[in-house]
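# Fold and contact review
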Amino acid sequence: MKKNIKALKKELLTTDIKYKSFSGQNFDIPLSYEVFGKALGTAPIVLVNHALTGNSTVSGSKGWWKNIIGPQKIISTKKYSIISFNIPGNGYNDFFIDNYEDLTTKDVAAIFLQGLENLEIKTLHSIIGGSLGGSIGWEMLAINPKISEKFIPIASDYKTHDWLHAQCLVQKYLLDSPEKPLEKARAHAMLCYRTPESLNQRFEGKLTKENTRRESEDWLIYHGKSLNERFSLKAYKLMNHLLMTVDTNEKVLSKIKANINLVAINTDLFFPASEIKKCYEKIKTHKEDIFYDEIVSIHGHDAFLIEYEQLQELLKRIY
């Protein structure tokens, strides 16, 4: 039996972490996680880092990436052990962090690495993650360049650029508003995750059946209410804050041992493909095993949760 591990519920496990942040604050964290596929220690291990409002349930009937991870999927549960941690404070295990501004994405990366150490996992087959999850992967490899053989950051980058920071700042303003803060923030976020072409093509200016408002407005309201029902304001503030703090040390990028496979989305407004291309150009000057691919989609940032056929095709050479 591994140390400091207990079942929170049937499928959710936890390992206790005592952690001192880079800002000098102490945290007691019940780091929760799930394992899919082969038992740990019996097969190559894939670490999946979730995005902003995601969680550790990456596979199975309720898995948010069940089209990618499963018995007959590209990341096969018959071939790999798949592990996914919950970002501490995302509330999936009813754990929240009041002083969330004392943590950065680098801290989350360090906590994940400590979680792997608690589980006696010394090396990974791969780290894969979209958006914030990919950025956590960059920070993990900056701290421990040898932890993984492969790294697949999807629609993410190794630092927060000005455009992303600006969008998150607007999110912060909305989250601090007195009325319906989470719904307002989510409505704005959806316009960052999609594109004008995507919305215009989908709704075509149509009204709802009651002819009281546009279908596109109804769609935004729905997403705001839906997130409010399953996510907490405190958790959302933390996640938005983390997106503003991605700042991987550029000096250590050349030390990363993993084979790096960058995946951008040509219409991404959140983590633009142009910035990910710059990352590729920067690293390839001193590293041969780095590759760049693009998902082509009208849907923008959310394409990594929509364009499954393209994503599976890009992942074939890795899994």
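Quick caveat: nothing in here was measured; it's all calculated off a predicted structure.

### Here's the deal with unusual backbone geometry
Unlike most non-glycine residues, Glu120 shows phi in positive territory, near 60 degrees. When you line up the elements, Glu120 lands in the loop between helix H1 (105-118) and strand E8 (124-130). The phi angle at Glu204 is positive, at roughly 50 degrees, despite the residue not being glycine. Along the chain, Glu204 turns up in the loop between helix H5 (196-203) and helix H6 (215-230). Take Glu204: its relative accessible area is 56%, and that puts it in the exposed class.

### Some thoughts on the packing of H1 against helix H2 (residues 132-143)
Where H1 meets H2, the closest approach of the two axes is 8 Å, and the angle between their N-to-C directions is 70 degrees. On the basis of the axis angle, H1 is roughly perpendicular to H2. Here H1 and H2 pass one another in a crossing that is right-handed. From H1, Thr105, Lys106, Val108, Ala109, Ala110, Phe112, Leu113 and Leu116 reach across to H2, where they touch Leu132, Ser135, Ile136, Glu139, Met140 and Ile143. Within the contact of H1 with H2, the residues separate by chemical class into ten nonpolar, two polar and two charged.

### Some remarks on the pairing of strand E3 (residues 26-37)
Bridging between strand E2 (residues 13-20) and E3 involves eight bridges; their strand directions are antiparallel. Residue pairing for E3: Leu13 is matched across the bridge by Tyr33. The hairpin formed by E2 and E3 contains five residues between the paired strands, and Gly24 there has a positive phi angle of roughly 90 degrees. With five bridges joining them, E3 and strand E7 (residues 81-85) adopt antiparallel strand pairing.

### Side note on the environment of Thr248
Along the chain, Thr248 falls in the loop between helix H7 (233-243) and strand E10 (259-265). By relative accessible area, which is 2% here, Thr248 ends up buried. For Thr248 and Trp138, which are 110 residues apart along the polypeptide, the C-alpha to C-alpha distance reads 6.7 Å. In this structure Thr248 touches Trp138, Glu139, Ala142, Tyr158 and Leu253, once residues within four positions along its chain are discounted.

### Topic: the packing of aromatic side chains
Applying the stated criterion across every chain, the model contains eleven aromatic pairs. Taking 5.0 Å as the distance between ring centres and 85 degrees as the angle between the ring planes, the aromatic pair formed by Trp138 and Phe151 counts as edge-to-face. On the criterion of sequence distance, the pair formed by Trp138 in helix H2 and Phe151 in strand E9 (residues 148-154) is long-range, its members being 13 residues apart. With a relative accessible area of 0%, Trp138 lands in the buried category. The exposure class assigned to Phe151 is buried, which follows from its relative accessible area of 0%. With centroids separated by 5.3 Å and ring planes inclined at 90 degrees, the aromatic side chains of Tyr193 and Phe270 adopt a geometry described as edge-to-face. Here the residue Tyr193 occupies a position in helix H4 (residues 181-193), and Phe270 occupies one in the loop between E10 and helix H8 (273-284), the gap between them amounting to 77 residues. Residue classification places Tyr193 among the buried positions, given a relative accessible area of 6%. By the ring-pair criterion, three or more aromatic residues cluster together here, those being Tyr33, Phe85 and Phe112. Its end group placed over the ring of Phe22, Lys106 keeps NZ or CZ at 4.4 Å from the ring centre. Positioned above the aromatic ring of Phe291, the side-chain terminus of Arg317 is 5.1 Å from the ring centre.

Calculation notes
Along each chain, residue indices are assigned from 1 in the same order as the chain's sequence is written. The predicted origin of the model limits local features to residues at a pLDDT of at least 70 and limits the giving and counting of side-chain atom pairs to 80 or more, whereas totals for whole chains, interfaces and linings rest on all residues. Think of the side-chain values as coming from all heavy atoms in the structure, minus any hydrogens and water. Helical segments are the DSSP runs of H or I of at least four residues, strand segments are the runs of E of at least two, and each set is numbered from the N terminus. Burial classes follow relative accessibility: with a 1.4 Å probe on protein chains only, a residue under 20% of its type's maximum area counts as buried, one over 50% as exposed, and anything between as partly exposed. For helices, the fitted line uses only the C-alpha atoms of the stretch in contact; every axis is such a line through C-alpha atoms, and the angle between N-to-C directions lies from 0 to 180 degrees. Angles are sorted into four bins: roughly parallel if under 35 degrees, roughly antiparallel if over 145, roughly perpendicular if 65 to 115, and oblique for all others. Throughout, a crossing is termed right-handed when the near helix is turned clockwise from the far one, and left-handed when it is turned anticlockwise from it by less than a right angle. Working rule for contacts: check all heavy atoms of both residues, and any pair within 4.5 Å makes them a contact. For this scheme, ten residues count as nonpolar: Ala, Val, Leu, Ile, Met, Phe, Trp, Tyr, Cys and Pro. Four count as charged, namely Asp, Glu, Lys and Arg, and the remainder, Gly too, count as polar. One bridge is not enough; two strands pair if DSSP finds at least two bridges between them. Under the pairing criterion, centres of Phe, Tyr and Trp rings, with the six-membered ring standing for Trp, must be within 6.5 Å; the plane angle then separates stacked pairs below 30 degrees from edge-to-face pairs above 60, leaving the rest tilted. Consider the ring centre and the ring normal. A charge sits over the ring if Lys NZ or Arg CZ is within 6 Å of that centre and within 35 degrees of that normal.

Keep in mind these numbers describe shape, not what the thing actually does.
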